[in-house]
Amino acid sequence: MPKKFFQRIMPRHETVRNSRSLKIFGRLLHDANLWHMNRRSASGAFAIGLFCAFIPVPFQMVLAAGAAIPFRVNLPLSVALVWVSNPITMPVLFYFCYLLGAMILDQPEQQFMFELSWEWLGNSITTIGPAFLLGCLIMAVVSSIVGYFAIRLLWRQSVVSAWRARRVRMSAHLKRRQEKKKNQLR
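Here, residues in each chain are numbered from 1, in the same order as that chain's written sequence. Predicted model: local features are reported for residues with pLDDT of at least 70 only, side-chain atom pairs are reported and counted for 80 or more only, and whole-chain, interface and lining totals are derived from all residues. Hydrogens and waters are ignored; side-chain quantities use all the structure's heavy atoms.

Quick word on the overall build of the protein
Secondary structure elements are defined from DSSP: runs of H or I of at least 4 residues count as helices, runs of E of at least 2 residues count as strands, and each element is numbered from the N terminus. For the protein, the helix and strand inventory stands at eight helices and zero strands. Reading the helices (α) and strands (β) of the protein from amino to carboxyl end gives α-α-α-α-α-α-α-α. Taken over 186 residues, the protein has a buried fraction of 34%. Every residue pair with non-hydrogen atoms within 4.5 Å of one another is taken to be in contact. Across the protein, contacts joining residues at least 24 apart in sequence account for 73% of those joining residues at least 6 apart. Burial status follows relative accessibility: with a 1.4 Å probe on protein chains alone, a residue under 20% of its type maximum counts as buried, one over 50% as exposed, and anything between as partly exposed.

In structure tokens, the structure reads:
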């Protein structure tokens, strides 16, 4: 089930391969292992994608692709998962990261008003920056570990469930064959 679900929602490998932002990887994108879907590649892609989703930079997809290639995990899935932090969810996620970092550093929560200027950015790096970056790092590590093991567990449960269903079908089929033979012998 997970394999079919992921294959249905993932972009086609031709689309990802032809993406302008991923052209920098060139022929590395032709490795067949980057496009296979199995338990190892899916769980690794979740770990990479969720980790990169919490890195506060504008080129998260390129980072995810760059990490997926040497780890040889599913590239489209790792690139798609960085969209957990999209323009709609990013303010909430990053504010939570800031609160987490401030709590761990035992700093009081500072009120701030976002402003799109270099001056604001420079001031913010010194005031809220350390707490924000620590919170992002912690959330990146925790979410990637949880995502990795959750996908491995879900995949395993799906396989075991499919095996059980197959065993039930085979058992029912054998019973029907035995009954049919009994009826023929009468």
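That covers the picture; the talk isn't over yet.
What to know about the packing of helix H3 (residues 39-53) against helix H4 (residues 60-71)
In this description, a line fitted to the C-alpha atoms serves as the axis of each element, helices being fitted only across the stretch in contact, and the angle between N-to-C directions of two axes falls anywhere from 0 to 180 degrees. Orientation of H3 relative to H4, taken along the N-to-C sense of each, is 145°, at an axis distance of 9 Å. Seen from above, H3 lies across H4 with right-handed handedness. Touching Arg40, Ile48, Cys52 and Ala53 of H3 are Gln60, Leu63, Ala64, Ala67, Ala68 and Phe71, all from H4. Split by residue class, the contact of H3 with H4 holds eight nonpolar, one polar and one charged. Two helices cross in a left-handed way if the nearer one is turned anticlockwise from the farther one by less than a right angle. They cross in a right-handed way if the turn is clockwise. Nonpolar residues are Ala, Val, Leu, Ile, Met, Phe, Trp, Tyr, Cys and Pro. Charged residues are Asp, Glu, Lys and Arg, and all others, Gly as well, are polar.

Quick notes on H4
Here H4 is twelve residues long and its end C-alpha atoms lie 17 Å apart, about the 16 Å a rise of 1.5 Å per residue gives. Among the residues of H4, those classed as buried are Gln60, Ala64, Ala65, Ala67, Ala68 and Ile69. With its phi angle positive at about 55°, arginine 72 sits one or two positions after the end of H4. A helix is expected to reach a length of 1.5 Å times the quantity of its residues less one.

Here's the deal with the environment of proline 70
With respect to the helices and strands, proline 70 occurs in helix H4. Separated by 36 residues in sequence, proline 70 and leucine 34 place their C-alpha atoms 9.5 Å apart.

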